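Architecture at a glance
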4 protein chains.
Amino acid sequence: MKHIGIITKKGEPKAIGLVGRLLPWFAERGYETCPDNDTARHLGVAGRPASELPDISDIIIVFGGDGTLLSAARLVGGRGIPILGVNLGGLGFMAEVPVDEVPEAIENALRGSCTIEERVMLQASVFRDGKRIDQHSVLNDVVINKGALARIVAIDTAVDGRYLTTFHSDGLIVSTPTGSTAYSLSAGGPILYPTLNSLILTPICPHLLANRPIVLPDDFTISMTIASGEDVFLTMDGQVGFPLHPGDVVEVVKSPHVTRLLIPCERDYFQVLRSKLKWGER
Amino acid sequence: MKHIGIITKKGEPKAIGLVGRLLPWFAERGYETCPDNDTARHLGVAGRPASELPDISDIIIVFGGDGTLLSAARLVGGRGIPILGVNLGGLGFMAEVPVDEVPEAIENALRGSCTIEERVMLQASVFRDGKRIDQHSVLNDVVINKGALARIVAIDTAVDGRYLTTFHSDGLIVSTPTGSTAYSLSAGGPILYPTLNSLILTPICPHLLANRPIVLPDDFTISMTIASGEDVFLTMDGQVGFPLHPGDVVEVVKSPHVTRLLIPCERDYFQVLRSKLKWGER
Amino acid sequence: MKHIGIITKKGEPKAIGLVGRLLPWFAERGYETCPDNDTARHLGVAGRPASELPDISDIIIVFGGDGTLLSAARLVGGRGIPILGVNLGGLGFMAEVPVDEVPEAIENALRGSCTIEERVMLQASVFRDGKRIDQHSVLNDVVINKGALARIVAIDTAVDGRYLTTFHSDGLIVSTPTGSTAYSLSAGGPILYPTLNSLILTPICPHLLANRPIVLPDDFTISMTIASGEDVFLTMDGQVGFPLHPGDVVEVVKSPHVTRLLIPCERDYFQVLRSKLKWGER
Amino acid sequence: MKHIGIITKKGEPKAIGLVGRLLPWFAERGYETCPDNDTARHLGVAGRPASELPDISDIIIVFGGDGTLLSAARLVGGRGIPILGVNLGGLGFMAEVPVDEVPEAIENALRGSCTIEERVMLQASVFRDGKRIDQHSVLNDVVINKGALARIVAIDTAVDGRYLTTFHSDGLIVSTPTGSTAYSLSAGGPILYPTLNSLILTPICPHLLANRPIVLPDDFTISMTIASGEDVFLTMDGQVGFPLHPGDVVEVVKSPHVTRLLIPCERDYFQVLRSKLKWGER
């Protein structure tokens, strides 16, 4: 691992400042670093478009919250470059490394004494009139959501070709284990251990109180058809939006790719849960 | 009660058919009926705009679901005309009279042997840059909701001038007891007995799991300021929409008006609950 | 207010130490204090049984958590002596005064510059074979609960003589607004503003997912009949237990008495909510 | 499959009657049947203790609800005899065959045209002072529950030797996917597809609202230590009870055995969900 790509949360001075202080530290140790163009411009150094960083990096370090990390995961796509997330103080579950542990964590990561956790991604395709018109991979979740002024959306849902039910709700979340602590949790979903081969279907404010979240094997195909509802949108990892029409079908399968997260060795998932969800310590 | 205004769910043939069969029945008994224009046109009789019906009616009969009844309540506004809701088979909590009991219920209502239940309404005002720019009364709920593509909305909430909290969520519902079985219930709120002098604050998919619904006296003023969030909307009774900007303040107080619902004597609220929520019978 | 009764959490050295330091402070200011016997013995001073303190006190100061305060409220019963709760570090919603603000709060209380909040109490009676065999007043909640080895309890529930439903669950909570942040909250109930004239019916782990908590006017009579279930118990304020048999009826009405809580003026209920439920500050 | 063991719900006349009508039907087809002693006595035929039936049967048919099926699964233990569950009208998720489809389902089962679904079981061991004092296998759930008069139980929970948290609650459920639609669902847990290699930890009425259910890989060891709490019990599949003391450790691992359920071919799990949870049909 010699080439390090650096991506920061857009417009976050804390991230810029931190990267500025770390660049000489990397250089001293013989690592080549390349920040995304926006970061580079702030620091007065050479950069590259974020989208090109996966091509030239052995590792990507993300300075920001889970949102920035989700973007980076999408840029990496199927190339398998490991990502190290640095948390700038927000509520991130994935961007785990606190600022004051950054040099140590990076050093450990670069000499391999840390865990690489492979996180399942989902691939969502949109079909209209039988033709695929959009496709994206996500690390957290695929969300069908009604607009603020719409009443309710009805979503015919099938699992591996078998009819499950028609959800009448504000929307429906298909979440990976990684995404289980994000939107799905707010909508009443359970926490899934990150390495489980499962996905969750969590309806958002369902009309029927018995419509509880369902955990399914992640090799099942989830097929969701907009039965009725205007002003409906598909969002992927909370970042990419796509308007849906009645009759559109959103099909979700396990992605052939995974996101490879660098996890500091001394950190375990339950510690993150306790800290982020304020469960307190013993 | 001599003059009867009739409002039907727009485009619902079942409602039109039923009204068509009932018109002669009313005439025989000496009642003057006036349907809304849309219904009248379908039936080939004289009608009036729905908005004028409260001016000329002693009672308004609504054929449709809760949505149609909510519209009628808004048209009636402060004039106190009692409303009788006829349920056409949907999930209405307010439009209680089933189709086959309509003549009997109407007869009872017209000769006064039924209960008039006064339902509290809320009045929502929107302030921008210190000026009131919108105001509406609702029977069910005032909802601040983010759009489908927005991330989260932050709403600074104060109660009678005292800071409550800043909700980070998909939105926030201020509901009357009447509205407690509508959107608020789907979002995790409790059921409120319809005559309670209370309102509920129910956050929609709050980021913080401890942000549970709160029941407050209905003479408290609820003040909600959009702290941050783009693509945010105010909806009132699920029908009127209004775009909100950061800094806008939505103030909710008890309305000076009530909606007067005609409740068939032999029907009680718990029966409606059991039936609508499928609680089963003894 | 010259005579001060003092009750501490049993066996809590922190409480004893604090009272020991405060006794001279009261004496200097001309107040007569009388601790409960247990506290008195630890401090080597004269005391009285806790049950007699309401007879001789103008105010009762409770050092402990909400449990100790609930006991004191039961001892006071209908005599209306105001209670000031001192929080020793736990999670109390009622015992609000933090240790380091005790002298100031007491001084304010004694000279009347604080709020006295009247909290509704409930009165639970148990009827077996038509005869009343037990009766208690509570400030928080009346709970019907199955034992750990029992399967499920079926509770026929009527409100003001009207059948509501038969709950099949682990149990059923009838809670005051004061109790809404205690057991009922853990079981999925809403938060009720403490001065509301309402009570909540919250089923515990109901078999039917649609059996949501219901808020009712507190002048309704709640009548709960054990339809089936062995090993069933009634608990009142988590402190008094009573075994119930199939056919037993538990009737809950508003108590003729209230508990009068002394609330420091600078403290408001929303501040308590934010702090206790970790909602964070602005 | 020639030898058929028959187990009925104790004291259920419907079950006895059905078996009585089916015995000649089995005999005509050349199958040897043996009912449990209790059933045999009611029918005036020869029987055997239920516990011996797994030794002499190729298949066991259970007439009753999920409770009877759970007992049968425990009797079968590690011997792998497939079980066919006949539903007598209750809410069973596992006892799926309705009465009027029994002959057809049995015929299909006996000639092999049905699915055998292997359901994961859990094995719970209790350790006191370092010694194992009890051990059981379950198909649904292992539950630690406080008694009705106890306040709260504190359970230190570790997963594969890593500390998770200390739950302060009414209790804690460790459920298989099969058990996810039983007690865990009532306590707020998600639905797990029955073939998932997962288990759920669902706290019962947790004090901390952020203590949400967690889904974990089923090859993790769950270790629960009673940190404090009197009147605490362990129940297994709602049937076997065991008193626990502070300091006792309950360890749950995946059982080496599975329960083999005979599933009628034309029936799928989602159909059962829709029917049992009243989700309605399209």
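Criteria and thresholds
Residues numbered from 1 in each chain as written. Chains lettered and ligands numbered in written order. Predicted model: local features only at pLDDT ≥ 70, side-chain atom pairs only at ≥ 80, totals over all residues. Heavy atoms only, no water. Helix = DSSP H or I, 4+ residues; strand = E, 2+ residues; numbered from the N terminus. Rg over C-alpha atoms; globule rule 2.2 N^0.38 Å. Buried < 20%, exposed > 50% of the residue type's maximum accessible area, 1.4 Å probe, protein only. Contact = heavy atoms within 4.5 Å. Lys, Arg positive; Asp, Glu negative; His and termini not counted. Charge placed at Lys NZ, Arg CZ, Asp CG, Glu CD. Domains from an automatic or database assignment. Buried area = accessible area lost by both parts, 1.4 Å probe. Salt bridge = Lys/Arg side-chain N within 4 Å of Asp/Glu carboxyl O. Polar contact = N/O pair within 3.5 Å; in protein donor to acceptor, adjacent residues only side chain to side chain. Nonpolar A, V, L, I, M, F, W, Y, C, P; charged D, E, K, R; others polar. Pairing = 2+ DSSP bridges. Least-squares fit on C-alpha atoms with pLDDT ≥ 70 in both. Phe/Tyr/Trp six-rings, centres within 6.5 Å; stacked < 30°, edge-to-face > 60°.

Next up on the list: the overall build of chain A. Scanning chain A from N- to C-terminus turns up seven helices and 18 strands. Over its C-alpha trace chain A gives a radius of gyration of 20 Å, about what one expects of a compact globule, namely 19 Å for 282 residues. In terms of principal-axis extent, the alpha carbons of chain A reach across some 60 × 45 × 35 Å. Across the 282 residues that make up chain A, the buried fraction comes to 60%. Long-range contacts, defined here as pairs at least 24 residues apart, represent 66% of the contacts in chain A between residues at least 6 apart. Mean positive and mean negative side-chain charge positions of chain A (26 and 32 charges, respectively) differ by 3 Å.

Right, let's talk about the domain arrangement of chain A for a bit. Residues and elements named next belong to chain A. In terms of domain boundaries, chain A breaks down into domain 1 (3-114 + 264-277) and domain 2 (121-257). For domain 1 and domain 2, the distance between their C-alpha centres works out to 29 Å. Taken together, the contact between domain 1 and domain 2 spans 14 residues of the former and 17 residues of the latter. The contact between domain 1 and domain 2 buries some 1200 Å² in all, and 69% of this surface belongs to carbon and sulfur atoms. Per-residue buried area on domain 1 facing domain 2 is highest for Leu-70, Arg-74 and Tyr-269; these three make up 48% of the total on that side. For the pair domain 1 and domain 2, the interface holds zero salt bridges. For the pair domain 1 and domain 2, the number of links is three residue pairs in polar contact (both at pLDDT 80 or more).

Attention now moves to unusual backbone geometry. Even without a glycine there, the phi angle at Asp-231 of chain B is positive, about 60°. Within the secondary structure, Asp-231 of chain B is located in the loop between strand S15 (222-228) and strand S16 (232-236). According to the relative accessible area criterion, Asp-231 of chain B is partly exposed, its value standing at 36%. Of note, the phi angle at Asp-160 of chain C is positive, near 50°, even though the residue is not glycine.

With that settled, consider the interface of chain B and chain D. Of the residues lining the interface, four residues belong to chain B; the matching set on chain D comes to four residues. When the two sides are added together, the surface that chain B and chain D hide from each other amounts to roughly 420 Å², 62% of it contributed by carbon and sulfur. When the area that chain B buries against chain D is broken down by residue, the three leading residues are Leu-209, Arg-212 and Lys-278 of chain B, summing to 87%. Scanning the region where chain B abuts chain D turns up zero salt bridges. Run the count over chain B and chain D and you get one residue pair in polar contact (both at pLDDT 80 or more). Class assignment of the residues belonging to the side of chain B that touches chain D gives a composition of two nonpolar, no polar and two charged.

This next bit is on the sheet that holds strand S14 (residues 214-217) of chain B. An order of S17(B)-S16(B)-S8(B)-S11(B)-S13(B)-S14(B)-S12(C) is seen for the seven strands of this open sheet, with the pairing classed as mixed. The sheet is open, and its two borders are formed by strand S17 (240-244) of chain B together with strand S12 (191-192) of chain C, each paired with just one other strand. Two elements, strand S11 (residues 171-175) of chain B and strand S13 (residues 198-204) of chain B, share five bridges in a ladder whose sense is antiparallel. The residue of S13 of chain B that forms the bridge with Val-174 of chain B is Leu-201 of chain B.

Looking now at the relation of the copies chain B and chain D. In screw terms, the move from chain B to chain D is a rotation of 180° and a rise of 0.1 Å along the axis, fitting with an RMSD of 0.0 Å. On this basis, the relationship between the two copies can be described by a two-fold rotation axis. Most of the interface of chain B is mirrored in chain D, where 100% of its interface residues are also at the interface.

Attention now moves to the packing of aromatic side chains. Ring pairs (aromatic) are described by centroid distance and by the angle formed between their planes. Residues and elements named next belong to chain A. Counted by the stated rule, this structure contains 24 aromatic pairs over all chains. Plain terms: the ring middles of Trp-25 and Phe-26 are 5.4 Å apart, the flat faces sit at 80° to each other, and that makes the pair edge-to-face. Exposure remark for Phe-26: the relative accessible area of 0% places this residue in the buried category. Measuring from centroid to centroid gives 5.5 Å for Tyr-193 and Tyr-269, while their planes differ by 80°, and the two rings are edge-to-face. You can see Tyr-193 sitting in the loop between strand S12 (191-192) and strand S13 (198-204) and its partner Tyr-269 sitting in helix H7 (residues 269-276), a full 76 residues away along the chain.

What follows covers the environment of Pro-103 of chain D. Residues and elements named next belong to chain D. Note on placement: Pro-103 falls in helix H5 (residues 102-110). Note on Pro-103: relative accessible area 28%, which makes it partly exposed. Pro-103 sits 81 residues away from Leu-22 along the chain, and the two C-alpha atoms are 8.0 Å apart.

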